[in-house]
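Survey of secondary and tertiary structure
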Amino acid sequence: MRGRPKQWVAFAVMAALIGTTACSSASPGKEAAPKDAGAAAGASAEQAKPVKFTYTLPGKFVNWMKDMNWIPVLLKQTGAEVELVAGGDGDTYYKNADLKIGSGDFSDAGIVQLSQADVYGTKGAFLDLKPLIEKYGPNIKKFMDQHPDLTKLVTSSNGKIYALVPEYPKISNVTFYRDDLLKKAGITSEPKTIQEFTDVLRKLKEANKDNKNFFPFGGRDDFLRFQSAFGAGDSIDAGGKVHGIYNGGQGSDIKAPGFKKLIEWYARLYDEKLVDPEWISGLATEEAWQTKMLNGNLVFGNDFYTRPAWFLVNGGVKNDPNYSLKVLPPFLDEEGKQSKFPTVPNYRTDRAFVINAKSADKAPGIIKFLDYMYSEQGQTLVGWGVEGTTFKKNAGGKNEFTMSFDDESTKPLGTPSWTFFQDRLTFPIPVNNEAFYEWNHSLTKSYANDYFSKYAQTFPILKYSTEDQKERSNLVAKVNEAIKANLVKFVTGKRPLSEWDAFLKEMDGLGYNKIIEIDQKAYDAVK
């Protein structure tokens, strides 16, 4: 495994080496790069001088990008040379970015938080991209015109645009289950409501009563799931009012009537031993959960949409030839209406691409480079790869991958491969959801497109000032910790539910209402 680089990586040299592998696999006589690539990007005579620039982003993405075979093809098509700068990961990355920007040692381009882009942009550290896009980025401009929500998101209060953010695939968690274990227990129909789900869990528990380690429902991380079925998720209503600590629909509204019902339901599951107690207590590790799902001590789970395929690939059918997993639609709510799972936000504000004001001479070339990836040819490359090498046109004229997902996606770090994980950061580009869903394990591919079309809901993205974001982060850390600790107590019976109202007042005392005020302010500003 390759360690994280601590200094600049000569990506152009690396790209040339990988490009030999990437391009040599093309069909004889077929050009990997379209001859009119520059024209498609709206290039002028200035494009004759290829752009060279340094680009700072989190270290894990640097490592992944070094292995992506489509990137060397991109560099060949555009004539660009990019030096990647690994800047750490997680919170450390953004702190390092602050230091680099403050000392004037930031690279030509880089990734920052959108709030950082606004603050440092107004101070003159980053270029206003708006006139650059107008002049050198026709495909970027077209995309932004078609997506006014994106334009509004990246436009600063002074009317300037200091950053571009990447679009993110439409994905969410899914509920999945061991179909073979349901059949073994004599259960022939999928549960459609919370009550039916509870009954199924009881039947599974009875069928496996001799196994003291068996619990029908479990998971990893926080145990709260199915808020939407109880009407208990964070949200913004039709009147523009924020409910709960806003997390793009992926959090909770503890003051919603349905939230208390959700906790009461979990308490029943806990009492009846229908849910893994380690999960409820917060002691369940990811490895332990995976083992339980693989050996049949758990049946139902709710996790990232690729998890079912992960279990199949990582030991499921090897341990048990009957091992079978299916994905369950979200449950109907109390009124019988179809609930939906919240998607990951469709734009990543923690992946804002900026251009250093000191690199103004390189900015036109950088924008043209990015613009190519917004063009039809560029979108084909980043989503599908090279025709004749990674995909072909089927009889219906649609693209069809010819590379093996199982082979390419399992290659170890440091091995060049054809992968099209558009949820991984490369550059701020649009997402081709069709290609993204197709580039998956056969099980995932069988339900992804239909599932996310019917059962996923995308929520608005809020944009905070630096001061509000700092205050909010401090409050959220304190309040969420207290909420989590108390919910475990309510579910396990260590705190009686008769103290629910007192609990809500305690959370307000810690700043729960203040967080919602900050969220409301952010929403009103965006609106």
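All values reported here derive from a predicted model rather than from experimental measurement.

Brief notes about the overall build of the protein
- A count of helices and strands for the protein gives 24 helices and 13 strands.
- Whereas a compact globule of 527 residues would reach a radius of gyration of roughly 24 Å, the protein reaches 25 Å, a difference of no more than 12%.
- Oriented by its inertia axes, the alpha-carbon framework of the protein measures out at about 75 × 55 × 40 Å.
- Residue burial in the protein is summarised as follows: out of 527 residues, 54% are buried.
- For the protein, contacts bridging at least 24 residues in sequence account for 77% of all contacts bridging at least 6.
- Of the roughly 23800 Å² of accessible surface on the protein, a fraction of 50% belongs to carbon and sulfur atoms.
- When the 67 positive and 65 negative side-chain charges of the protein are each reduced to one mean point, those points stand 1 Å apart.

Quick notes on helix H8 (residues 138-146)
- The set of residues buried in H8 consists of Asn139, Ile140, Phe143 and Met144. For H8, the arc enclosing every buried residue in end-on projection is 135 degrees, short of the 170-degree limit, so these residues lie on one face. With respect to the buried face of H8, the exposed residues turned more than 90 degrees away are Lys142, Asp145 and Gln146.

A few points about the sheet that holds strand S2 (residues 81-86)
- Pairing is mixed in the open sheet, where 4 strands are placed in the order S2-S1-S3-S10. The sheet is open, and its two edges are formed by S2 and strand S10 (352-355), each paired on a single side. Recorded for the sheet is a direction-independent mean angle of 25 degrees between the axes of neighbouring strands.
- Both strand S1 (residues 52-57) and S2 contribute to a ladder of 6 bridges, which runs parallel. Residue pairing in the sheet places threonine 54 in a bridge with glutamate 83 of S2.

Some remarks on unusual backbone geometry
- Of note in this structure, aspartate 221 is not a glycine but carries a positive phi near 60 degrees.
- Tracing the sequence through the fold places aspartate 221 in the loop between helix H11 (194-207) and helix H12 (227-230).
- Note on aspartate 221: relative accessible area 51%, which makes it exposed.
- Notably, lysine 273 is not glycine yet its phi reads approximately 60 degrees, a positive angle.
- Tracing the chain through its elements places lysine 273 in the loop between helix H13 (257-271) and helix H14 (277-281).

What to know about the pairing of strand S3 (residues 109-112)
- Neither face of S3 is left uncovered, since the one carrying Ala109 and Ile111 and the one carrying Gly110 and Val112 both have all their residues buried.
- One ladder, built from 2 bridges, connects S1 with S3; its direction is parallel. Residue threonine 56 lies in a different strand from S3, and its bridge partner there is glycine 110.
- Two elements, S3 and S10, share 4 bridges in a ladder whose sense is antiparallel. Along S10, the bridge assignment pairs isoleucine 111 with phenylalanine 353.

A few points about the pattern of salt bridges
- Using the criterion set out here, one finds 30 salt bridges in the structure.
- Here lysine 292 and glutamate 278 are joined by a salt bridge, their closest N and O atoms 3.0 Å apart. Placement of the pair is lysine 292 in helix H15 (residues 286-295) and glutamate 278 in helix H14, with a sequence separation of 14 residues.
- On the accessibility criterion, lysine 292 (18% relative accessible area) is buried.
- One connected set of salt bridges, linked through shared partners, spans Arg220, Asp221, Glu286, Asp303 and Arg307.

Some remarks on the packing of aromatic side chains
- For the structure on display, the rule yields 46 aromatic pairs.
- Ring geometry for tyrosine 120 and phenylalanine 126: centres 6.3 Å apart, planes at 75 degrees, overall edge-to-face.
- With 5.6 Å between their ring centres and 85 degrees between their planes, tyrosine 451 and phenylalanine 452 make a pair best called edge-to-face. In terms of burial, tyrosine 451 and phenylalanine 452 fall into one category: buried.
- Taken together, the ring pairs in this structure connect Tyr177, Phe197, Phe217, Phe223, Phe226, Phe230, Trp265, Tyr266, Trp279, Phe300 and Phe331 into an aromatic cluster.
- Stacked on the ring of phenylalanine 311, the Lys or Arg arginine 307 has its end atom at 6.0 Å from the ring centre.
- The cationic tip of arginine 424 hangs over the ring face of tryptophan 64; the distance from NZ or CZ to the ring centre is 3.9 Å.

Basis of the calculations
- Residues numbered from 1 in each chain as written.
- Predicted model: local features only at pLDDT ≥ 70, side-chain atom pairs only at ≥ 80, totals over all residues.
- Heavy atoms only, no water.
- Helix = DSSP H or I, 4+ residues; strand = E, 2+ residues; numbered from the N terminus.
- Rg over C-alpha atoms; globule rule 2.2 N^0.38 Å.
- Buried < 20%, exposed > 50% of the residue type's maximum accessible area, 1.4 Å probe, protein only.
- Contact = heavy atoms within 4.5 Å.
- Areas by Shrake-Rupley, 256 points an atom, 1.4 Å probe, with all protein chains shown as cover.
- Lys, Arg positive; Asp, Glu negative; His and termini not counted.
- Charge placed at Lys NZ, Arg CZ, Asp CG, Glu CD.
- Arc of directions from axis to C-beta.
- Pairing = 2+ DSSP bridges.
- Axes fitted to C-alpha atoms, helices over the stretch in contact; angles between N-to-C directions.
- Salt bridge = Lys/Arg side-chain N within 4 Å of Asp/Glu carboxyl O.
- Phe/Tyr/Trp six-rings, centres within 6.5 Å; stacked < 30°, edge-to-face > 60°.
- Lys NZ or Arg CZ within 6 Å of the ring centre and 35° of its normal.

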